[in-house]
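Chain and residue survey
Here is how the chains run, residue by residue.
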Amino acid sequence: KPEKLPEIEGHNEVASLVKSLNRMLARLESAWETQGRFLADASHELRTPVTAILGHVNYLLRRTQLSDQQREGLEIIKRESERMHKLVGDLLELSKTGGSWKVELGSVHLKTVLDEIEEEYSKSFEGRIEVQAPEEVWVLGDPERLHQVIANLVSNAIKANSTHIRLVVLDLAERVVIRVEDNGEGISKEHLPHLFERFYRVDKARDRERGGSGLGLAIVRSIVEAHGGSVWVESEPGKGSVFSISLKRASAPHPQLA
Ligand code: ADP
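Keep in mind that what you see is a predicted model, and the values were worked out from it rather than measured.

This part takes up the overall build of the chain. Helix and strand content of the chain: six helices and seven strands. Taking 258 residues into account, the globule formula puts the C-alpha radius of gyration at 18 Å, and the chain, at 24 Å, lies well above it. Projected onto its principal axes, the C-alpha coordinates of the chain cover approximately 95 × 50 × 45 Å. Out of the 258 residues belonging to the chain, those deemed buried represent 36%. Across the chain, every contact between residues at least 6 apart in sequence was considered, and the portion connecting residues at least 24 apart equals 70%. Counting only carbon and sulfur atoms, one obtains 55% of the accessible surface of the chain, whose full area is about 16,200 Å². Looking at the chain, you have 35 positive and 40 negative side-chain charges, and the mean spots of the two groups are 4 Å apart.

By size, the foremost hydrophobic cluster in this structure holds 42 residues, and its most contacted members are Ile150, Val154, Leu195, Phe243 and Ile245. Considering every element that reaches this core, the biggest residue donor is helix α4 (residues 143-159), with seven residues. If near-sequence neighbours (up to four positions away) are discounted, Val154 is found in contact with Ile117, Tyr121, Ile129, Ile165, Leu167 and Val180.

Once that is clear, we can look at the pattern of salt bridges. Note that side chains of opposite charge can pair when their charged atoms are close. Per the stated rule, a full pass over the model turns up six salt bridges. Linking Arg128 and Glu130 is a salt bridge whose minimum nitrogen-to-oxygen distance equals 3.6 Å. The partner of Arg249 in a salt bridge is Asp171, and the shortest N-O contact between them spans 2.8 Å. Taken as a pair, Arg249 in strand β7 (residues 240-250) and Asp171 in strand β4 (residues 164-171) lie far apart in primary sequence, 78 residues in all.

Okay, the packing of helix α3 (residues 110-122) against α4 next. Where α3 contacts α4, the two axes come as close as 10 Å, and the packing angle between them is 40°. Between α3 and α4, the crossing angle belongs to the class labelled oblique. Of the two possible hands of crossing, α3 and α4 adopt the one that is right-handed. Across from Val113, Leu114, Glu116, Ile117, Glu120 and Tyr121 in α3, the residues of α4 making contact are His147, Ile150, Ala151, Val154, Ser155 and Ile158.

Below, the discussion takes up the environment of Ala42. Following the sequence through the fold, Ala42 ends up in helix α1 (residues 5-62). Among the residues examined, Ala42 registers a relative accessible area of 26% and is labelled partly exposed. When the C-alpha positions of Ala42 and Leu92 are compared, they lie 8.4 Å apart, and in sequence the two are 50 residues distant.

All right, on to the packing of α4 against helix α6 (residues 216-226) then. For the pair α4 and α6, interaxial distance at closest approach is 10 Å and the crossing angle is 150°. Judged on the interaxial angle alone, α6 and α4 are roughly antiparallel. As for the relative orientation of α4 and α6, their crossing is left-handed in sense. Residues Arg145, Gln148, Val149, Asn152, Leu153 and Asn156 of α4 form the contact with α6, whose own contacting residues are Gly216, Leu217, Ile219, Val220, Ile223 and Val224. Grouping the constituent residues of the contact of α4 with α6 by class yields seven nonpolar, four polar and one charged.

Let us now look at a negative patch on the surface. Taken together, Glu116, Glu119, Glu120 and Glu144 make up a surface patch of like negative charges. Overall, Glu144 belongs to the exposed group, its relative accessible area being 63%.

Taking 1.5 Å of rise per residue, the 13 residues of α3 would be expected to cover 18 Å, and the 18 Å separating its terminal C-alpha atoms lies within 8% of that figure. Check the buried side of α3 and you find it contacts β1 (106-109), β2 (128-132), β3 (138-141), α4, β4 and β5 (175-182).

What counts as what
Residues numbered from 1 in each chain as written. Predicted model: local features only at pLDDT ≥ 70, side-chain atom pairs only at ≥ 80, totals over all residues. Heavy atoms only, no water. Helix = DSSP H or I, 4+ residues; strand = E, 2+ residues; numbered from the N terminus. Rg over C-alpha atoms; globule rule 2.2 N^0.38 Å. Buried < 20%, exposed > 50% of the residue type's maximum accessible area, 1.4 Å probe, protein only. Contact = heavy atoms within 4.5 Å. Areas by Shrake-Rupley, 256 points an atom, 1.4 Å probe, with all protein chains shown as cover. Lys, Arg positive; Asp, Glu negative; His and termini not counted. Charge placed at Lys NZ, Arg CZ, Asp CG, Glu CD. Core = buried A, V, L, I, M, F, W, Y, C linked by side-chain atoms within 4.5 Å. Salt bridge = Lys/Arg side-chain N within 4 Å of Asp/Glu carboxyl O. Axes fitted to C-alpha atoms, helices over the stretch in contact; angles between N-to-C directions. Parallel < 35°, antiparallel > 145°, perpendicular 65-115°, else oblique. Left-handed = near helix turned anticlockwise from the far one by under 90°. Nonpolar A, V, L, I, M, F, W, Y, C, P; charged D, E, K, R; others polar. Patch = residues over 30% accessible without salt bridge, like charges linked within 9 Å, V, L, I, M, F, W, Y side chains within 5 Å. Expected span 1.5 Å × (residues − 1).

Pasting the structure below:
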């Protein structure tokens, strides 16, 4: 009988360890939730004053009697407020993803989404945007969110000084891959594993100039993952980058429902 004692003791230790681990997990979970709520509330509250500042600055800039110095000062306030507005918007978006990003999944006609983005960005972009997508491809997705994700990648490609961007759809058996290919400046190897992390920027000073928050790709990843998809990047400095998204293939919507 005495030799059984260590086993029982071990058992108790494991049980109490499991208990305290569970307690710790519960605390972590609630801390995580609190943090997410805080982030959502804080970014929401910050948005109102920034919007007001932007409105007033734009009003003042429209007035004609301004000295060069005054105008320059106002332009700086405007630029910085716009940057803060984007940062706050990105934070708000990201806080929504705290495990519960709402996506309304349905059959999305990919070519329509890509054509819309092409049209939207071609207006202000001097280079060429080309869509190579088969007509008959649908994916399981939320059209608004997919638009947001791909538009974000196109906007990054433009910021990287590309002159030619291709939106290519590869129709595989169960899945569909969307490639955003650019011939911009590319990204060196050491940065690639970190690109999708929050606040990660390749060149802080330069990206600040361009109004980046380093949240764009983190948002892209969390939306894609909410779709059960994945996103990855291949890139070479001086040659360009390819961002790929893999999504589940869907069937064409039923004619009566379409
Ligand atoms: P931001 O919101 O500041 O644009 P992102 O998360 O979208 O940040 O991008 C992270 C970093 O990756 C940025 O520093 C950006 O310069 C770099 N990057 C993203 N896309 C490309 C691209 N197509 N070509 C070169 N660099 C890119």
